[in-house]
Amino acid sequence: MVEILRTKAELRARVAEWKTAGDRVGVVPTMGALHQGHLSLVSAAGEACDRVIVTIFVNPKQFNTPEDLENYPRTEEDDARKLAGYPADVIYVPDPDQIYPDGFATNVSISGLTEVLCGAHRPGHFDGVATVVTKLFTQTCADMAFFGEKDFQQLQVVKRLAADLDLMIEVVGCPTIREEDGLAMSSRNLLLSDRSRIKAPVLNEVMEEMAEGLRQGGQASDLRAKAESRLNAAGFGEVEYIDLRACDDLSVLETPERPARLLAAVWLAGVRLIDNIAV
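The structure reproduced in this document is the subject of the present report. Source: prediction; values computed, not measured. (Residues numbered from 1 in each chain as written. Predicted model: local features only at pLDDT ≥ 70, side-chain atom pairs only at ≥ 80, totals over all residues. Heavy atoms only, no water.)

1. Details of a negative patch on the surface
There is a patch of like negative charges on the surface, built from Glu10, Asp95, Asp97 and Asp102. When you line up the elements, aspartate 102 lands in the loop between α5 (96-99) and α6 (118-121). For aspartate 102, a relative accessible area of 82% puts it in the exposed group. (Patch = residues over 30% accessible without salt bridge, like charges linked within 9 Å, V, L, I, M, F, W, Y side chains within 5 Å. Areas by Shrake-Rupley, 256 points an atom, 1.4 Å probe, with all protein chains shown as cover. Salt bridge = Lys/Arg side-chain N within 4 Å of Asp/Glu carboxyl O. Lys, Arg positive; Asp, Glu negative; His and termini not counted. Charge placed at Lys NZ, Arg CZ, Asp CG, Glu CD. Helix = DSSP H or I, 4+ residues; strand = E, 2+ residues; numbered from the N terminus. Buried < 20%, exposed > 50% of the residue type's maximum accessible area, 1.4 Å probe, protein only.)

The structure is reproduced here in structure tokens:
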């Protein structure tokens, strides 16, 4: 089992030893319930760095409802077992007061990138992400941080955060890992019933069809209507968005006139699924 540290003092002491030895340190921030997508980030960190920290912290500040926070999977022991075969040197599972001590009153907020897509439907979510990521970056003193492209908006927010605050850390985006049927791996997939899990891959199928239409010269607004219709027919609930956005600033595009991503957030039987693909 990989060693688990729970206080920032323990973590900083360990990192200080590594840095004294000249080691390059990577961090993989997670909320646990690890799957192959997370483990691919750990592998990438191991290839680029001498030492790897995996953090597990279910951050209350990025949840919009108490029910969502309560229902989020917590599988620390299983996570530790999964990491045993990967290049993780320590797992940092901070006690809540190590992140948000009594009297904590600081909020990290990023404008522009956070008001659209998930930010428009989850008020305050990205403030919570930005705040906890800033804490984890400063506590780990890592040289590199690894995030999945599956949460593409989050990746862009974290890159902007690191650049704007001169955090001296390189933020690396890694490819989305999918199940054999195309569903993007996510800890929230554990919340899907067997019946809903069978339907879930339709999201990726619809997105691939829309992306192909865009590549052939179609307009996003026209293709979006067809995509929403098919999702509704397949039994999905609310389609929060299925948008073509510029990679750099997430501005709305009708055609992929510059590097772009097709991003979607939909509900299926009470579970919110997100995905994105390059166009």
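2. Concerning the packing of aromatic side chains
Note on aromatic pairs: each is described by the distance of the centres and the angle between the planes. Counted by the stated rule, this structure contains four aromatic pairs. Taking the centre distance of 5.6 Å and the plane angle of 75° together, the rings of phenylalanine 63 and tyrosine 72 count as edge-to-face. Phenylalanine 63 gets classed as buried once you look at its relative accessible area, which sits at 10%. Here tyrosine 100 and phenylalanine 104 contribute two aromatic rings whose centre-to-centre distance is 5.1 Å and whose plane-to-plane angle is 70°, an arrangement assigned as edge-to-face. Using a relative accessible area of 15% as the deciding quantity, one classes tyrosine 100 as buried. Relative accessible area serves as the criterion here: at 26%, phenylalanine 104 is assigned to the partly exposed category. An aromatic cluster is present here, built from Phe57, Tyr100 and Phe104 joined pairwise through their rings. Of note, lysine 61 hangs over the ring of tyrosine 100, and the distance from its end group to the ring centre comes to 4.9 Å. (Phe/Tyr/Trp six-rings, centres within 6.5 Å; stacked < 30°, edge-to-face > 60°. Lys NZ or Arg CZ within 6 Å of the ring centre and 35° of its normal.)

3. With respect to the nonpolar core
Among the nonpolar cores identified, the biggest contains 41 residues, and Ile53, Val133, Phe137 and Phe147 are the most heavily contacted of them. Looking at this core, the elements that each hand over two or more residues are α1 (8-20), β2 (25-30), β4 (90-92), α7 (125-140), β5 (144-148), α8 (152-164) and β8 (260-268). For this core, the element with the most residues is α7, which contributes seven residues. Beyond its immediate sequence surroundings of up to four residues, phenylalanine 147 is in contact with Pro29, Leu41, Val133, Phe137, Gln154, Leu155, Val158, Val171, Val172, Gly173 and Cys174. (Core = buried A, V, L, I, M, F, W, Y, C linked by side-chain atoms within 4.5 Å. Contact = heavy atoms within 4.5 Å.)

4. Thoughts on unusual backbone geometry
In this model, alanine 33 sits at a positive phi of 50°, which is unusual for a non-glycine residue. Following the sequence through the fold, alanine 33 ends up in the loop between β2 and α2 (36-48).

5. Some points on the sheet that holds strand β7 (residues 239-246)
Ordered in space as β7-β8-β9, the three strands form an open sheet in which the pairing is antiparallel. At either end of the open sheet lies a strand with only one pairing partner, and these are β7 and β9 (271-278). When the angles between neighbouring strand axes are averaged without regard to direction, this sheet yields 10°. With eight bridges connecting them, β8 and β9 associate as antiparallel partners. Across the sheet, residue leucine 262 finds its bridge partner in β9, namely isoleucine 277. Seen against the sheet, helix α11 (residues 220-233) touches β7 and β8 and runs at an angle of roughly 150° to β7. (Pairing = 2+ DSSP bridges. Axes fitted to C-alpha atoms, helices over the stretch in contact; angles between N-to-C directions.)

6. What to know about α11
End to end, α11 covers 20 Å across 14 residues, agreeing with the expected 20 Å (1.5 Å per residue, within 8%). By the burial criterion, the buried members of α11 are Ala220, Leu223, Arg224, Ala227 and Leu231. For α11, the angular spread of the buried residues around the axis is 105°, confining them to a single face. Counted as exposed and oriented over 90 degrees from the buried face of α11: Lys226 and Ala233. (Expected span 1.5 Å × (residues − 1). Arc of directions from axis to C-beta.)

7. What to know about the sheet that holds strand β1 (residues 3-5)
Taken in spatial order, the six strands line up as β1-β4-β3-β2-β5-β6 in an open sheet, and their pairing is parallel. With one partner strand each, in any of the chains shown, β1 and β6 (170-174) form the two edges of the open sheet. Along the sheet, successive strands turn relative to each other by an average axial angle of 30°, direction set aside. Two elements, β5 and β6, share five bridges in a ladder whose sense is parallel. By the bridge assignment, glycine 148 is partnered in β6 with cysteine 174. Running at roughly 165° to β6, α8 makes contact with β5 and β6 of the sheet.

8. Concerning the packing of helix α10 (residues 202-215) against α11
Between two packed helices, the angle of one axis relative to the other and the distance separating the axes together describe the packing. Running from N to C, α10 and α11 point in directions that differ by 160°, and their axes come no closer than 10 Å. As judged from the angle between their axes, α10 and α11 are roughly antiparallel. α10 and α11 meet at a crossing whose hand is right-handed. Between α10 and α11, the residues in contact are Val202, Leu203, Glu205, Val206, Glu209, Met210, Gly213 and Leu214 and Ala220, Leu223, Arg224, Ala227, Arg230 and Leu231, respectively. Split by residue class, the contact of α10 with α11 holds nine nonpolar, one polar and four charged. (Parallel < 35°, antiparallel > 145°, perpendicular 65-115°, else oblique. Left-handed = near helix turned anticlockwise from the far one by under 90°. Nonpolar A, V, L, I, M, F, W, Y, C, P; charged D, E, K, R; others polar.)

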